[in-house]
Amino acid sequence: MKVRLLGVGMGPQHVTVEVARALRSCDYVVAASKSDNDELLAIRQAICEEYGVELVAVPDPMRDRDPGDYPATVAAWHDARAAAYAEVIRERAGTAAFLVWGDPSLYDSTIRVVGRVAESVGADWDVLPGVSAPSLLAARHRIVLHEVGQPVHITSPRRLPEALAQDETNIVVMLGNEADLTALVALGEWSIWWGANLGTGSEELVSGQVADVLADLVAARARAKQAAGWVMDVHLLRAPA
Ligand SMILES: C[S@@+](CC[C@H](N)C(=O)[O-])C[C@H]1O[C@@H](n2cnc3c(N)ncnc32)[C@H](O)[C@@H]1O
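Residues numbered from 1 in each chain as written. Predicted model: local features only at pLDDT ≥ 70, side-chain atom pairs only at ≥ 80, totals over all residues.

Peer 1: What am I meant to see in the overall build of the chain here?
Peer 2: Looking only at helices and strands, the chain features eight helices and ten strands. Across its three principal directions, the C-alpha atoms of the chain cover 55 × 40 × 40 Å. Counting across all 241 residues of the chain, residues that qualify as buried make up 30%. In the chain, the share of contacts with a sequence separation of at least 24, taken over all contacts with a separation of at least 6, comes to 69%. (Helix = DSSP H or I, 4+ residues; strand = E, 2+ residues; numbered from the N terminus. Buried ≥ 20, exposed ≤ 12 C-beta atoms within 10 Å, placed from the backbone. Contact = placed C-beta atoms within 7 Å.)

Written out as structure tokens, the structure reads:
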């Protein structure tokens with residue numbers, strides 16, 4: 001038994017030669033199907049069709065989106081996912097692949113969950129990288145994520161206040177929603193490079209000083225959501241010099 005975790009970037013156009021080879025040689029692909037975001041399942045389906053691999057959709061366990069105890073709730077959700085995946089892998093044997101949106105190293109639990117499953121069922125496992133949302137954001141805006149020799153901090157809106165308190169001045173923010181975007185009004189002097197639904201037909205890009213572009217950002221986010229039925233956005237914030 002073998003399990004492969006394949007980063008597929010933001011869609012079929014980002015499947016690397018290495019990942020394509022892995023896809024052709026695996027027996028089936030396992031994918032979580034979520035009731036609220038099945039467009040991403042559809043993209044996985046398109047990738048499987050392109051490489052002639054069967055897709056096995058596993059219903060994603062329900063997750064409490066507003067829990068009192070966040071770490072315990074995430075751990076319980078990971079356990080439930082792991083149990084569902086282990087059942088499929090044991091039953092089918094052969095080589096299973098999991099397609100990870102973007103790159104598996106960033107804000108994705110597949111390595112934690114599936115790595116543990118693979119070890120528990122005695123399967124070898126490996127990870128192949130993909131194009132992440134921050135990489136694509138930087139490419140679209142034709143920027144480096146940090147100034148010469150400077151660090152870049154990657155975080156979520158939930159922890160942005162902490163990053164600001166630590167005097168981080170160059171911050172990539174992922175996992176945000178519309179309210180998180182409007183809250184940026186407090187950083188009016190900062191520069192922002194923002195992108196939604198990158199790599200898809202509903203891609204939106206905005207950049208400028210936060211105070212000048214905030215209304216455009218909110219409108220562009222709504223457009224992306226209207227066009228695709230879902231929206232994911234990422235941005236880089238840089239403090240004034
Ligand atoms: C669960 S994380 C997955 C990140 C992914 N592993 C990566 O490498 O980018 C989801 C977050 O990534 C960002 N993201 C993913 N896909 C995106 C896209 N096509 N356009 C803009 N942001 C995206 C958003 O911040 C979103 O909330």
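Peer 1: Sorry if this is basic, but what is going on with helix 8 (residues 210-228) here?
Peer 2: Along an α-helix, a turn takes 3.6 residues, which lines up residues three or four apart on a common side. Compared with the 27 Å implied by 1.5 Å per residue over 19 residues, the 25 Å span of helix 8 between its first and last C-alpha is a close match. Where helix 8 bends most, at Asp216, the angle is about 30 degrees. Residues Val210, Leu214, Leu217, Ala220, Arg221 and Ala224 constitute the buried set of helix 8. As for helix 8, its buried residues are in contact with helix 7 (178-182), strand 8 (191-196), strand 9 (204-209) and strand 10 (233-238). A positive backbone phi angle near 90 degrees is found at Gly229, which sits one or two residues after helix 8. (Expected span 1.5 Å × (residues − 1). Bend = angle between axes of the 7 residues up to and from the residue.)

Peer 1: How should I be thinking about the sheet that holds strand 7 (residues 170-173) in this particular structure?
Peer 2: Within a sheet, neighbouring strands are paired by backbone hydrogen bonds and run either parallel or antiparallel to one another. The strand order across the open sheet built from five strands is 6-7-10-8-9, with neighbouring strands paired in mixed fashion. Edge positions in the sheet fall to strand 6 (153-155) and strand 9, since each has one partner strand and no second. Averaged over all neighbouring strand pairs, the angle between strand axes comes to 15 degrees, with direction disregarded. Relative to strand 9, strand 8 runs antiparallel, the two sharing six bridges. Note on strand 9: the bridge partner recorded for Ile192 is Gly208. Of the strands in this sheet, strand 8, strand 9 and strand 10 are in contact with helix 8, which crosses strand 9 at around 170 degrees. (Pairing = 2+ DSSP bridges. Axes fitted to C-alpha atoms, helices over the stretch in contact; angles between N-to-C directions.)

Peer 1: Explain the sheet that holds strand 2 (residues 28-33) to me, please; I cannot follow it from the model alone.
Peer 2: Spatial ordering of the open sheet is given by 3-2-4-1-5, a layout of five strands whose pairing is parallel. Taken across any chain shown, the strands that pair with only one partner, and hence form the sheet edges, are strand 3 (54-59) and strand 5 (124-128). Shown here is a sheet whose adjacent strand axes are inclined to one another by a mean of 25 degrees, direction ignored. Both strand 1 (residues 2-7) and strand 4 (residues 95-100) contribute to a ladder of six bridges, which runs parallel. What sits directly across from Gly7, in strand 4, is Val100.

Peer 1: Just checking my understanding: could you explain the site of the ligand for this structure?
Peer 2: The full set close to the ligand counts 20 residues, and Gly102, Ser132, Ala133, Met174 and Leu198 are the nearest of them. Where the shell around the ligand is concerned, the elements lending two or more residues are strand 8 and strand 10. Here the shell around the ligand spans two domains, since at least three of its residues come from each of domain 1 (2-128) and domain 2 (133-238). (Near = placed C-beta within 6 Å. Domains from an automatic or database assignment.)

Peer 1: Honestly, the domain arrangement of the chain in this entry has me stumped. Any pointers?
Peer 2: A common way to express how large an interface is: the accessible area buried when the components associate. Each assigned domain of the chain is listed with its residue range as follows: domain 1 (2-128) and domain 2 (133-238). For domain 1 versus domain 2, the separation of C-alpha centres amounts to 26 Å. Contact residues are listed per partner, giving nine residues for domain 1 and ten residues for domain 2. Here the residues of the side of domain 1 that touches domain 2 are counted per class, giving two nonpolar, six polar and one charged. (Nonpolar A, V, L, I, M, F, W, Y, C, P; charged D, E, K, R; others polar.)

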